[in-house]
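What follows is the residue order along each chain.
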Amino acid sequence: KPLIVHVLMGFNFVPQNGGSRVELIRLKRDDNNLGDESDDGYNPTFALYSPSRKSLQGLFSHRVLRTQNIAIVDHPPSEKGTAIYLKTTFEHPISILEHAVEYNP
């Protein structure tokens, strides 16, 4: 879930190997670049963008996108978004340090 990933990264959790890097963008109220979606009451608050659109295709159902108020956009955002990683696991830096080997010469 993109918003959960955003919160995890805000708490310094580190994405592990793999996954897809995407941009999470907070949309402005007057952003009309999403097509006809607002006609049926669907007004997303966030958008996801990836240069490799196939990394987002099939990842979320239309229902999930609607309930989380997220849209997938085809064009790069005009505003800088937050880079997040999807389809991967996360680990906290403290946990990473606990697994590190201490070297004493």
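Since the model is a prediction, treat every value here as computed from it, not as a measurement. (Residues numbered from 1 in each chain as written. Predicted model: local features only at pLDDT ≥ 70, side-chain atom pairs only at ≥ 80, totals over all residues. Heavy atoms only, no water.)

**Some details on the confidence of the model for the protein chain**
No. 1: With 77% of its residues at a pLDDT of 70 or more, the protein chain shows a mean pLDDT of 78.
No. 2: Looking over the protein chain, one finds the lowest element-wise mean pLDDT in helix H3 (residues 93-98), namely 71, and the highest in strand S3 (residues 46-49), namely 91. (pLDDT = per-residue confidence, 0-100. Helix = DSSP H or I, 4+ residues; strand = E, 2+ residues; numbered from the N terminus.)

**Re the sheet that holds strand S2 (residues 20-26)**
No. 1: Taken in spatial order, the 4 strands of this open sheet run S4-S3-S2-S5, and their pairing is mixed. The sheet terminates laterally at strand S4 (70-72) and strand S5 (82-86), the two strands that pair on one side only. Shown here is a sheet whose adjacent strand axes are inclined to one another by a mean of 35°, direction ignored.
No. 2: Bridging between S3 and S4 involves 3 bridges; their strand directions are parallel. Within S4, the position partnered with Leu48 by the bridge is Ile72. (Pairing = 2+ DSSP bridges. Axes fitted to C-alpha atoms, helices over the stretch in contact; angles between N-to-C directions.)

**Re the pairing of S3**
No. 1: Both faces of S3 are covered, namely the face carrying Phe46 and Leu48 and the face carrying Ala47 and Tyr49.
No. 2: Judged from the 4 bridges that link them, S2 and S3 form a sheet pairing that is antiparallel. Residue pairing in the sheet places Leu24 in a bridge with Leu48 of S3. (Buried < 20%, exposed > 50% of the residue type's maximum accessible area, 1.4 Å probe, protein only.)

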